[in-house]
Every structure is written in structure tokens, then in C-alpha cells.
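Now for the letters of each chain:
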Amino acid sequence: MRRMVAETRLHPADFILPAFVREGVSEPVPIAAMPGVVQHTRDSLRKAAVEALEAGVSGIMLFGVPDDAGKDAQGTAGTDPDGILQVALRDVRSEVGDDLIVMSDLCLDEFTDHGHCGVLDAEGRVDNDATLERYAEMAQVQADAGAHVVGPSGMMDGQIGVVRDALDQIGREDVSILAYTVKYSSAFYGPFREAVGSSLQGDRKTYQQDPANVREAMRELALDLEEGADMVMVKPAGPYLDVLARVADAVDVPVAAYQISGEYSMIEAAAEKGWIDRDKAILEALTGIKRAGAQNILTYWATEVARTLGRQ
Ligand code: PBG
């Protein structure tokens, strides 16, 4: 009876798998703070994409991890057609075609030696408008490499409009934008910083949002929609379900939520200690995120959960 009247059901197609690919490694590199998640080699990434597809996951979001030697102040590797992210986009597209939606993180932080999401001005502050020019170029290079969807995650003001124009300019009206609309400056990103070998000193408080604010989130939402966002995202997910519900009520575009690294690691760590029923906790956390209004959920458990659901 509970099954019959359940108001929220998870489905494999709800999920998008975030995946890391590291330049120059011959074996996948485990991420200590995210047990079960690795920095992929080009080959193991292809395999992970195919496994996600076979499990019924609808998309994959790629993050590139360059050699430390490949980082510089401008994040040049992020716009190099032969940079690790672009190479990986081509690899995955050649493997999955149009059967799995291939998305790319559009942000400089993985590629800059200072670890910020943008370029810096003479005083060492993130320069919003100079960064937008870098994002425009990144969008075009990622589209050329095969991204179906780009995900601008750097939280610069005006980023969605600039990315849309840049894509249209090269005739890529078909490439969609998943806007990181409400992205909070969160302590729960901690494990991700290891995952991408981040060089960041300090924090991202001048461009990511204050966890205290929701009216500000609604303003970011209005701006992103006006600038051409095709889908909008709330991130992190679990600690921000109220924001997610508000956003989902307010819009008529698809809404995604990103269950981030810290949300993943907390459950894995508690399960490792035998303090929590891992599988039940995962499904409950994901059900909560969907119930709050997310149509799609980015989660490091995407393939595993899709398989479980497929068996039920
Ligand atoms: C920035 C970016 C971050 C995450 C996704 N894109 C890190 C940050 O803003 O510091 C975090 C994802 C996670 O924690 O799982 N490119």
C-alpha cells in the first residue's frame, strides 16, 4: 500500500553522474575523502560513462584535472582544445553519442594556479568581467569538443548571458546551459577540492552566495532566466531544500540539484563506522531532494542507485 500511494519515486533518468578525469595517469586515482570515487584515466572515464548509460542514468558532468604544471593564472588549459577536459569530452561523446547527455563544468578553478574560479586583477581580487571573456572562450571550446550541455559554475555576474552569446556566435544554438543559479559558499565542498587537486587558498565568498540568504537566490534565478538559462540548479542540495522548493515553485524550466561531495562523504564515513545504514540513507537523502522539487539530481551515487532502482 505504501508503494502504491508513494508521492515521490526515484527513477534512473533522474540522475546525472559527476565524474573527474585526470591528465597523465595510467590508473584511476582514488580520492581519499570520497571513498568509492576516483579521478579517472581517459579509459576508465569512457567505461564509467558506458556503465552510467547502461544503468539508465541520463547524463554525465565532466570535471577536468590537469597536471599541476599545466596550471597558470589564466587557466589556459581550460580553453586549450587539447586540454584534459576537452579531450575527455571527445572521448565520452565518441563512446556514447547522443544516448547519454554529456555535460561539462564551465569554470576556471581546476585550471588556475591560484585556484579561483576566475582570473585576478592587479590587487589579487577575482575580476568578474575579465573572467567572463575567459568563460565565453571556454563555452566555445567545450561545444566544439562535444558538450551537449555546459554548466557554468563560477558564479560570475552575467555569466549565463555571455555564454549564450558565445555559443550562438559559433552557430551552437543547440548547446544548452545548465546554470548553477544558486550556488552557496559551502564548507561541504571540502572533499571536492581534493578531488580536483584544487590550489585554492582562502575562500570564494566574493562570488558564491551567503548560506543565510534566499531572497538573493531568487534574484540570481531571475537574472539567469533572463540571460538564457535552459535549466537551473541549486547547490548544495541537502542543506538547502527550502531554497530548492522555492526555486522549483517559481520557474517553468527544469530544476536540478547537486548533492555535493561533502553530502556524499558524510554518509560514506558514517556507514564506514557502522553508524548508519548506508543504502537506506542514500535513498532517503535522494528522495528528499526530489520531493523538494528537483527534477534531476547530480550525485556521485548516480550509477549505483540507478542500478538498484532498475532491479526493483
Ligand atoms: C567549481 C565547482 C565546485 C564544485 C563543483 N564545481 C567547487 C567549488 O565551488 O569550490 C563542488 C562539487 C562538489 O563538492 O561535489 N568548478
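The paragraphs below set out a description of the structure included in this document. All values derive from a computational prediction rather than experimental measurement.

Considering the nonpolar core
Okay, so step 1: Grouped together as the largest cluster of nonpolar side chains are 98 residues, with contacts concentrated most on F20, I60, L62, Y135 and V247.
Okay, so step 2: Sequence-distant contacts of F20, defined by excluding residues within four places in its chain, comprise I31, V37, V38, Q39, H40, F63, V65, F192, A195, V196 and Y300.

A closer look at a nonpolar patch on the surface
Okay, so step 1: Judged by side-chain polarity, M1, M4 and V5 come together as a nonpolar surface patch covering roughly 390 Å² of accessible area.
Okay, so step 2: Mapped onto the secondary structure, V5 falls in helix α1 (residues 2–5).

Things to note about the packing of aromatic side chains
Okay, so step 1: Taken as a whole and judged by the stated rule, the model has 9 aromatic pairs.
Okay, so step 2: An aromatic cluster is defined as three or more aromatic residues linked by ring pairs; in this entry it consists of F20, F63, Y180, F192, Y258, Y264, Y300 and W301.
Okay, so step 3: The ring of Y189 carries the charged tip of K183 above its face, separated from the ring centre by 5.5 Å.

Considerations on helix α4 (residues 128–145)
Each full turn of the α-helix corresponds to 3.6 residues, which orients residues three or four apart in the same direction.
Okay, so step 1: Here α4 is 18 residues long and its end C-alpha atoms lie 25 Å apart, about the 26 Å a rise of 1.5 Å per residue gives.
Okay, so step 2: Burial in α4 covers these residues: T131, L132, R134, Y135, A136, M138, A139, Q140, V141, Q142, A143 and A145.
Okay, so step 3: On its buried face, α4 sits against α3 (84–96), β5 (101–106), β6 (149–152) and α5 (159–169).
Okay, so step 4: G146 sits one or two positions beyond α4 and adopts a positive phi of about 120 degrees.

Brief notes about the side chain of Q142
Okay, so step 1: Note that Q142 resides in helix α4.
Okay, so step 2: Judged by its relative accessible area of 0%, Q142 is buried.
Okay, so step 3: In this structure Q142 touches L85, Q86, L89, S104, D105, L106, A147 and V150, once residues within four positions along its chain are discounted.

Structural notes on the side chain of T299
Okay, so step 1: Within the fold, T299 resides in the loop between β10 (296–298) and α11 (302–311).
Okay, so step 2: At 2.6 Å, the side chain of T299 and the side chain of Q259 are in polar contact.
Okay, so step 3: Excluding residues that lie within four positions of it along the chain, T299 makes contacts with F15, I16, L17, P18, Q259 and L286.

Focus: the pairing of strand β8 (residues 231–235)
Okay, so step 1: Within β8, 5 of the 5 residues are buried, which leaves the element mostly enclosed by the surrounding structure.
Okay, so step 2: Burial of β8 is two-sided: the residues M231, M233 and K235 facing one way and the residues V232 and V234 facing the other way are all buried.
Okay, so step 3: Across 5 bridges, the pairing between strand β7 (residues 176–183) and β8 is parallel. Bridge assignment links Y180 to a residue of β8, and that residue is M233.
Okay, so step 4: Relative to strand β9 (residues 255–258), β8 runs parallel, the two being bridged by 3 bridges. Counterpart to V234 in the pairing with β9 is A257.

Some points on the pattern of salt bridges
Okay, so step 1: Enumeration according to the criterion identifies 18 salt bridges in this entry.
Okay, so step 2: Note that D230 is salt-bridged to R164, the shortest N-O span being 3.7 Å. Pair noted here: D230 is in the loop between α7 (215–227) and β8 and R164 is in helix α5, with a separation of 66 residues, a long-range link.
Okay, so step 3: For D230, a relative accessible area of 31% puts it in the partly exposed group.
Okay, so step 4: The salt bridge partner of E304 is R278, with a shortest N-O separation of 2.9 Å. Here E304 is found in helix α11, whereas its partner R278 is found in helix α10 (residues 278–291), with 26 residues between them in sequence.

Considering the site of the ligand
Okay, so step 1: Near the ligand you find 17 residues, and of these D109, R193, K235, S261 and Y300 are the closest.
Okay, so step 2: Taking S153, its side chain carries an N or O atom lying 3.2 Å from a nitrogen atom of the ligand.
Okay, so step 3: Between the ligand and Q208, the relevant distance is 2.8 Å, taken from an oxygen atom to a side-chain nitrogen or oxygen of the residue.
Okay, so step 4: Within the complex, 100% of the 410 Å² of free accessible area of the ligand lies under protein.
Okay, so step 5: Counting atoms within 2 Å of the grid points, the majority share of the ligand lands in the largest cavity.
Okay, so step 6: For the shell around the ligand, a count of residues per class yields 7 nonpolar, 3 polar and 7 charged.

Comments concerning the environment of F188
Okay, so step 1: Of note, F188 is situated in the loop between β7 and α6 (190–195).
Okay, so step 2: Considering only alpha carbons, one finds F188 and T206, 18 residues apart in sequence, at a separation of 17 Å.
Okay, so step 3: Ignoring anything within four residues of it in the chain, the contact list for F188 reads P239, I260, S261, G262 and M266.

Here we look at helix α2 (residues 42–55)
Okay, so step 1: Here α2 contains 14 residues, and its C-alpha end-to-end distance of 20 Å stays within 8% of the 20 Å for a straight helix at 1.5 Å per residue.
Okay, so step 2: Listing the buried residues of α2 in full gives S44, L45, A48, A49, A52 and A55. All buried residues of α2 fall inside an arc of 145 degrees around its axis, so they share one side. Turned more than 90 degrees away from the buried face of α2 sit K47 and E54, all of them exposed.
Okay, so step 3: Of the surrounding elements, those touching the buried residues of α2 are β1 (15–22), β3 (38–40), β4 (59–65), α3 and α11.
Okay, so step 4: Where α2 terminates, the next one or two residues include G56, which has phi positive at roughly 100 degrees.

Parameters and conventions
- Residues numbered from 1 in each chain as written.
- Predicted model: local features only at pLDDT ≥ 70, side-chain atom pairs only at ≥ 80, totals over all residues.
- Heavy atoms only, no water.
- Core = buried A, V, L, I, M, F, W, Y, C linked by side-chain atoms within 4.5 Å.
- Buried < 20%, exposed > 50% of the residue type's maximum accessible area, 1.4 Å probe, protein only.
- Contact = heavy atoms within 4.5 Å.
- Patch = residues over 30% accessible without salt bridge, like charges linked within 9 Å, V, L, I, M, F, W, Y side chains within 5 Å.
- Areas by Shrake-Rupley, 256 points an atom, 1.4 Å probe, with all protein chains shown as cover.
- Salt bridge = Lys/Arg side-chain N within 4 Å of Asp/Glu carboxyl O.
- Helix = DSSP H or I, 4+ residues; strand = E, 2+ residues; numbered from the N terminus.
- Phe/Tyr/Trp six-rings, centres within 6.5 Å; stacked < 30°, edge-to-face > 60°.
- Lys NZ or Arg CZ within 6 Å of the ring centre and 35° of its normal.
- Expected span 1.5 Å × (residues − 1).
- Polar contact = N/O pair within 3.5 Å; in protein donor to acceptor, adjacent residues only side chain to side chain.
- Pairing = 2+ DSSP bridges.
- Near = heavy atom within 4 Å.
- 1 Å grid on protein atoms, 1.4 Å probe; cavity = no way out; pocket = protein on both sides within 12 Å on 5 of 7 lines; lining within 4 Å.
- Sits in = over half its atoms within 2 Å of the grid points.
- Nonpolar A, V, L, I, M, F, W, Y, C, P; charged D, E, K, R; others polar.
- Arc of directions from axis to C-beta.

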